[in-house]
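# Overview (structure and organization)
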Amino acid sequence: MISVLAALALLVPAPEPQDGPWRQLIDFTPTAEQPDGASLFLLEADMLPQGSPARRDARPVRYLWVNHGAVIGDQAVTLVTGTTDCDGEIRMQQVQVFTAAGRMLGEATVDEAVYAIPHSAESLISDAVCTGSPYLYDKPVVATLAEATAGAASSAGLGTPADAVRWDVDYDGQDDIVSIAMRPHSYRHDVEFVLAKTPNRSLNVVTAEQRPTGPLLERRIRPLERDRYLTACDMDEGEDVAPCVARYPLVQRGVEVVTEGQPTILVWLVNGEPRVARLPVAD
């Protein structure tokens, strides 16, 4: 966890560099029926002191997502730094992602607003920073970042990848068929989507080329749930799009392309158009 602490120290401006404490706004406890979920922590220094009048000016926010259960690409811990205008908007500015062991996977500079709709995580953050809702002061507190991330997950619990999966990628209540295949002659791997609503049509996505030397790589796929992921590089026609730019997009349902010893690749659809991106790996 040393790398996480060092990263946090760089993020927090003087005179407030600190490891905590952290207020736990969402406490997720994995169960056999629901093993996957996330806990949310807010840096205590960003909370409105109890008994203080509500804030109406822009304020810094630093919050931490800790994923439980099985995680994609070992992205177990996400640290977001940004600001809130105390009027319902939180603007993300920097995102850093770590493994459960505290190794940094990567970071991205972002400029994206998320909004505090009722009962959302963003509304909890806004209430804690700006209005000081009384019930939030009863939420548990952990002293250090290491304590907050102690329950983080790994990729160990993910299912076995396959050549094809049935997965409702377009949210219409019907299972679609997604498959991966190595193409003759080029030996590249393509992902193919056949949507249940258009069973006579397929969408072929060039996903990954083979390495110029060495043995042929085998690639398999797993269902990918809608979520935010830190991506290291966009891809097109099986290759990185230069220059590589780290991003933190909201990825729709799709598939995770798994290759032993190689970075994970995500393939998903946005309004029927394919998107492909490569995830970072720890150094």
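Refer to the structure presented above.
Before going into details, it helps to say that this report is about the structure given with it. By convention here, each chain's residues receive numbers from 1 onward along its written sequence. Residue-level local features of this predicted model are given only where pLDDT is at least 70; pairs of side-chain atoms are given and counted only at 80 or more, and the full residue set underlies all totals for whole chains, interfaces and linings. With hydrogens and water excluded, all non-hydrogen atoms of the structure serve as input to the side-chain values.

## Quick word on the layout of surface pockets
Within this scheme a cavity is a closed region of a 1 Å grid, computed over the protein atoms alone, that accommodates a 1.4 Å probe without allowing it to escape, whereas a pocket is open but has protein on both sides within 12 Å along at least five of seven lines; lining residues each have an atom within 4 Å of a point. Grid points are joined across faces, edges and corners, and a volume is the space filled by probe spheres set on the points. In this model, the largest pocket occupies a volume close to 940 Å³. Along the walls of the largest pocket sit 30 residues, with Asn67, Arg226, Asp227, Arg228 and Tyr229 positioned nearest its centre. For helices the rule is a DSSP run of H or I covering at least 4 residues; for strands it is a run of E covering at least 2, with both sets numbered from the N terminus onward. Of all the elements in the fold, those that place two or more residues in the lining of the largest pocket are β2 (37-43), β3 (59-68), β4 (77-84), β12 (220-224) and β13 (227-228). The element that contributes the greatest number of residues to the lining of the largest pocket is β3, accounting for 4 residues. Residues that form the lining of the largest pocket fall into these classes: 16 nonpolar, 6 polar and 8 charged. Empty space within the second largest pocket amounts to approximately 350 Å³. Lining the second largest pocket are 15 residues, with Leu195, Lys197, Leu269, Asn271 and Gly272 sitting closest to its centre. Residues are grouped as follows: Ala, Val, Leu, Ile, Met, Phe, Trp, Tyr, Cys and Pro are nonpolar; Asp, Glu, Lys and Arg are charged; all remaining types, including Gly, are polar. Considered class by class, the residues forming the lining of the second largest pocket number 7 nonpolar, 5 polar and 3 charged.

## Things to note about the packing of aromatic side chains
Any Phe, Tyr or Trp ring, taking Trp's six-membered ring, that has another such ring centre within 6.5 Å forms a pair; planes under 30 degrees apart are called stacked, those over 60 apart edge-to-face, and the others tilted. Within this structure, the stated rule accounts for 0 aromatic pairs. The ring of Trp167 carries the charged tip of Arg253 above its face, separated from the ring centre by 4.7 Å. Comment: the charge-over-ring label is applied if NZ (Lys) or CZ (Arg) is within 6 Å of the ring centre and within 35 degrees of the ring normal.

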